[in-house]
Every structure is written in C-alpha cells, then in structure tokens.
Amino acid sequence: MAGLTTGGPNVDVSLLYAINGLSRHVPNGLGRALGIISEYGILLALVLLVLCCWRGARRQDETTAAESFAALVWAPLGAGIALLVNCPLRGFVGRPRPFVQHTGLVLEPGLSMTDFSFVSDHSTLAMALGVGLFIANRRLGFIGIGLALLEGLSRVYMGVHYPTDVIGGFALGTAVVLLFAPLAMALLTPVVRAVARSPRAGRLVRAKDRPLAQPVGLAATPPAAPRERDLAA
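Here's what I pulled together on the structure shown here. (Residues numbered from 1 in each chain as written. Predicted model: local features only at pLDDT ≥ 70, side-chain atom pairs only at ≥ 80, totals over all residues. Heavy atoms only, no water.)

What follows is about unusual backbone geometry. Omega for the bond connecting Phe-118 with Val-119 falls within 30 degrees of zero, at 0°, which places this linkage in the cis form. You can see Val-119 is positioned in the loop between helix H4 (98–101) and helix H5 (121–136). (Helix = DSSP H or I, 4+ residues; strand = E, 2+ residues; numbered from the N terminus.)

As structure tokens, then:
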C-alpha cells in the first residue's frame with residue numbers, strides 16, 4: 001500500500017505543488033505564524049468553540065441542555081476514537097510524507113516528521129470536532145466544519161500532507177462521529193441528566209439561575225389545607 005499516490009503526474013501531486021507553492025509569496029514571519037496556526041491554532045479555536053457551545057447550552061431547558069451537553073461530550077470522545085482508528089490505518093497504508101517523495105516543496109525550517117502521511121491526524125481531529133459540534137448546535141457546527149476545512153487546506157499548504165490525506169481525514173472523522181453518534185447519545189444522555197439533578201455537579205449542565213427540574217413522576221405536592229376546628233366537640 002506504500003505506493004498510494006507517491007509519485008508521477010497526477011492530480012494529487014499537482015494540487016500539492018499548487019497549494020504549497022503559494023507559500024513562496026508569503027513573508028517568512030507570516031509563514032511561521034501560519035505554521036503555528038496550522039499546528040495548534042485552529043484546533044485550539046475548535047476547542048474554544050466547543051466551550052462556547054457548552055456555555056450556551058447551560059441556558060436551555062433541562063431536556064435540551066442534556067442532549068446538547070451529551071453531544072458536546074461525544075465530540076472529543078469521537079475525535080479520540082477516530083485518531084485511534086487512524087493509528088493502524090496509517091501503518092497499513094504506509095504512505096511517506098510528501099517532502100520525502102518530492103523535491104521543491106516549501107517547508108518550515110526544522111520540520112521533522114518521520115511518521116506516515118495517510119490519513120491526516122489534524123484533519124481527522126478537526127472534522128470530528130466540527131461534526132460533533134454540529135450535532136449539538138447547527139450554527140456553531142457550521143463554523144466548526146469551516147475551521148476543519150481550513151485546517152485541512154493548511155496541512156497541504158505546509159507541505160506535510162497530500163490533498164487525499166486530508167480528504168481521507170475528513171471522511172474518517174465524519175464517519176466515526178456520525179456512525180457511533182446514536183449509541184453514544186443513548187448512553188451519555190441519561191448520565192448527563194443524572195448529573196444535571198445533582199446539586200453541585202449539575203452546574204456543569206445548567207446555569208445557576210436555572211431551577212433544578214423535578215424528577216419525572218414526582219410533581220410538587222400542594223400544601224395541605226388547614227383542618228377545620230370541630231365545633232361540636
């Protein structure tokens with residue numbers, strides 16, 4: 001499997017050179033900044049987006065908040081599972097990094113990567129977080145998916161992945177999160193609802209000004225009417 005698009009005239013390599021070649025027109029300082037953003041910045045932005053969604057979910061009613069919070073818990077869990085799936089996949093395919101197979105690519109000074117290229121870990125993680133966020137909140141989910149697309153493009157721009165590495169990462173992250181989402185939500189939602197009813201831990205799911213919901217089947221009992229005095233006594 002090591003021969004997966006590693007040389008020869010093909011669209012994958014052509015796109016690699018075209019996108020990476022844009023970095024020739026970028027000043028060195030900006031290039032280093034883009035490298036940091038590609039490596040850490042976009043993923044950090046996705047994490048902050050998840051936290052922003054969590055803060056908003058705490059203002060919802062308990063049922064909706066529990067479902068949103070369960071989806072937000074599943075997002076990083078699903079991303080972690082996708083990365084675990086990718087570990088044997090990368091070894092099985094055994095595709096070398098682009099700069100190992102091709103000359104003339106613009107790379108950041110000191111770049112040293114000895115692992116395989118297919119599929120992209122960064123793209124897998126970013127898209128898994130974006131899709132998981134979409135399950136919890138459509139509007140923020142679109143932003144998250146947009147950031148994931150930007151992350152994939154940046155990996156090709158940096159010359160550390162082929163376009164098909166990125167596409168494979170997008171597919172893997174999306175598939176893992178969506179395929180296992182029904183089971184994950186079925187398992188996580190009751191746990192989150194139980195946490196929400198806890199006097200202390202419930203603050204993770206509901207805001208301080210949100211009242212603690214009555215357990216199902218235990219409606220509030222109205223106060224008993226005062227007993228009339230027995231005048232015949």
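This paragraph deals with the pattern of salt bridges. Tallied over the entire structure, the rule returns 4 salt bridges. Put simply, Asp-12 and Arg-95 hold a salt bridge, and the shortest N to O gap is 2.7 Å. Of this pair, Asp-12 sits in helix H1 (residues 11–20) while Arg-95 sits in the loop between helix H3 (62–93) and H4, placing them 83 residues apart in sequence. Note on accessibility: Asp-12 and Arg-95 belong to one class, buried. Notably, a salt bridge pairs Arg-90 with Asp-121, separated by 2.6 Å at the nearest N-O pair. Here Arg-90, found in helix H3, pairs with Asp-121, found in helix H5; they are 31 residues apart in sequence, far enough to count as distant. Note on Arg-90: relative accessible area 9%, which makes it buried. Via salt bridges that share partners, Asp-12, Arg-95 and Asp-165 belong to a single interconnected network. (Salt bridge = Lys/Arg side-chain N within 4 Å of Asp/Glu carboxyl O. Buried < 20%, exposed > 50% of the residue type's maximum accessible area, 1.4 Å probe, protein only.)

Right, let's get into the packing of helix H2 (residues 28–57) against H5. Contact pair H2 / H5: the axes reach a minimum separation of 10 Å and the direction vectors enclose 15°. Considering the angle they form, H2 stands roughly parallel to H5. Two packed elements cross with a definite hand, and for H2 against H5 that hand is left-handed. Contacts from Ser-38, Glu-39, Leu-43, Leu-46, Leu-49, Val-50 and Cys-53 of H2 reach H5 at His-122, Leu-125, Ala-126, Leu-129, Leu-133 and Ala-136. (Axes fitted to C-alpha atoms, helices over the stretch in contact; angles between N-to-C directions. Parallel < 35°, antiparallel > 145°, perpendicular 65-115°, else oblique. Left-handed = near helix turned anticlockwise from the far one by under 90°. Contact = heavy atoms within 4.5 Å.)

Cys-53, Leu-72, Trp-74 and Leu-133 are the most contacted members of the largest nonpolar core, which totals 39 residues. Listing elements by their share of this core, those giving two or more residues are H1, H2, H3, H5, helix H6 (138–157) and helix H7 (163–196). Here this core takes 8 residues from H7, the largest share from any one element. Ignoring any residue separated from it by four or fewer positions in sequence, one finds Trp-74 in contact with Ile-81, Val-176, Val-177, Phe-180, Ala-181, Ala-184 and Leu-188. (Core = buried A, V, L, I, M, F, W, Y, C linked by side-chain atoms within 4.5 Å.)

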